[in-house]
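Coordinate analysis (summary)
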Amino acid sequence: MSETPAQQYADQDRRIDSGFPANTVEVHPGNAELIAAAAARFVQVVVAAQAARGSASVVLTGGGSGVALLEKVRQAPGDIDWAKLDLFWGDERFVPAGDAERNELQARQALLDHVPVDHARVHPVATSDGEYPDPVEAAAEYSTAVHAYLAEHGAFDLHLLGMGGEGHVNSLFPHTDAVREEHELVVAVTDSPKPPPVRVTLTLPAVRRSRHVVLVVGGAAKAEAVAAALGGADPVDIPAAGARGSESTTWLLDQDAAAGLS
């Protein structure tokens with residue numbers, strides 16, 4: 001029996017990087033099914049982590065898919081104990097509080113304002129009009145929170161990621177200093193090729209401090225980058241290729257995004 005594309009890429013990935021478990025690839029018929037699968041994975045990982053360790057953590061992603069999956073979780077939260085959940089963001093646009101482009105605001109509108117989270121356990125990036133108006137200082141402040149959490153808990157439980165058509169994840173774009181960063185967990189980006197240009201982002205070393213990484217990718221425009229990432233591309237060229245979880249890395253794709261895998 002011949003291998004499926006997902007099995008082929010998992011086998012290839014196992015040879016490329018034996019330091020992490022092989023990628024798992026799930027292909028869904030359309031966007032609705034993709035978002036439902038992502039939301040279900042969110043609930044599954046959080047509930048399992050809370051059962052095993054008493055609490056859980058999720059690193060959220062922005063964008064259309066990120067917001068849609070949070071809305072879906074809001075509709076079907078399962079057995080999540082919201083008071084025992086720490087929330088971070090993989091990246092943030094460095095804009096004023098209340099700016100519609102801010103990932104934190106979108107996440108609050110989609111989910112966090114509607115569930116009983118412990119606000120002391122919600123860890124947003126500073127705003128550009130707040131206490132840390134310099135993005136480098138804001139990145140340092142966020143890094144302190146990230147390091148403090150990881151020092152106590154060892155790893156994030158779940159890191160959610162979208163992916164751009166050129167393969168970027170968080171605000172880690174191809175051939176930039178941020179994607180080449182090998183030590184710092186949080187950096188400032190001042191020249192993002194995608195507006196707004198100033199951002200704060202977790203790096204690939206931070207992504208790899210996650211037990212489970214889930215990439216949620218839809219659309220034909222991303223098929224080439226998906227195939228390259230799963231085919232073992234250099235993360236400097238295709239940043240998503242470097243997004244790996246210590247226990248699992250799952251690519252949730254719609255059929256269009258998976259077109260290059262056959």
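In the annotation of an unreviewed UniProt entry, the entry for the protein chain reads 6-phosphogluconolactonase, and the organism field reads Nocardia puris. For the protein chain, the Pathway (unreviewed entry) comment in UniProt is given as "Carbohydrate degradation; pentose phosphate pathway; D-ribulose 5-phosphate from D-glucose 6-phosphate (oxidative stage): step 2/3." Listed under Sequence similarities (unreviewed entry) in UniProt, the entry text for the protein chain is "Belongs to the glucosamine/galactosamine-6-phosphate isomerase family. 6-phosphogluconolactonase subfamily."

**Focus on the UniProt feature "domain: Glucosamine/galactosamine-6-phosphate isomerase" (unreviewed entry) in the protein chain**
Under the present numbering, the feature "domain: Glucosamine/galactosamine-6-phosphate isomerase" (unreviewed entry) in UniProt falls on residues 31-251. In residues 31-251, helix accounts for 36% and strand for 18%; the two terminal C-alpha atoms are 14 Å from one another.

**Some words on helix α2 (residues 31-53)**
Taking 1.5 Å per residue as the helical rise, α2 with its 23 residues ought to reach 33 Å, and the 33 Å between its terminal C-alpha atoms agrees with that figure. Where α2 is concerned, the buried positions are Leu-34, Ile-35, Ala-37, Ala-38, Ala-39, Arg-41, Phe-42, Val-43, Val-45, Val-46, Ala-49 and Gln-50. Looking at the residues trailing α2, positive phi occurs at Gly-54, about 90°.

**Structural notes on the pairing of strand β3 (residues 85-89)**
Here is the key point about a regular strand: its side chains alternate between the two faces of the sheet. Most of β3 is tucked away: five of the five residues are buried. The two faces of β3 match: Leu-85, Leu-87 and Trp-89 on one face and Asp-86 and Phe-88 on the other face are all buried. Here strand β2 (residues 56-60) pairs with β3 via five bridges, running parallel. Along β3, the bridge assignment pairs Val-59 with Phe-88. For the crossover that starts at β2, traverses helix α3 (residues 63-75) and ends in the parallel β3, the hand is right-handed.

**Comments concerning α3**
Between the first and last C-alpha of α3 there are 19 Å, a value that for 13 residues agrees with the 18 Å anticipated at 1.5 Å per step. Looking at α3, one finds that the buried residues are Gly-66, Val-67, Leu-69, Leu-70 and Val-73. Taken end-on, α3 shows its buried residues confined to a sector of 160°, consistent with a single buried face. For α3, the exposed residues lying more than 90 degrees away from the buried face are Gly-64 and Gln-75. Residues of α3 that are buried sit in contact with α2, β2, α4 (103-110), β5 (156-161) and β8 (210-217).

**Things to note about unusual backbone geometry**
Only a minority of non-glycine residues have a phi that is not negative, and only a minority of peptide bonds are not trans. Here the amide bond leading from Pro-195 into Pro-196 is cis, since omega sits at -5°, within 30 degrees of zero. Its place among the elements puts Pro-196 in the loop between β6 (186-189) and β7 (199-202). Phi angles above zero are rare outside glycine, and Asn-170 is one such case at about 45°. Turning to its location among the elements, Asn-170 is positioned in the loop between β5 and α6 (177-180). Here His-175, not a glycine, exhibits a phi torsion of approximately 60°, which is positive. With respect to the helices and strands, His-175 occurs in the loop between β5 and α6.

Rules used throughout
- Residues numbered from 1 in each chain as written.
- Predicted model: local features only at pLDDT ≥ 70, side-chain atom pairs only at ≥ 80, totals over all residues.
- Heavy atoms only, no water.
- UniProt positions renumbered as here; feature names shortened; annotations may be inferred.
- Helix = DSSP H or I, 4+ residues; strand = E, 2+ residues; numbered from the N terminus.
- Expected span 1.5 Å × (residues − 1).
- Buried < 20%, exposed > 50% of the residue type's maximum accessible area, 1.4 Å probe, protein only.
- Pairing = 2+ DSSP bridges.
- Right-handed = clockwise from strand over helix to strand, strands pointing away.
- Arc of directions from axis to C-beta.
- Contact = heavy atoms within 4.5 Å.

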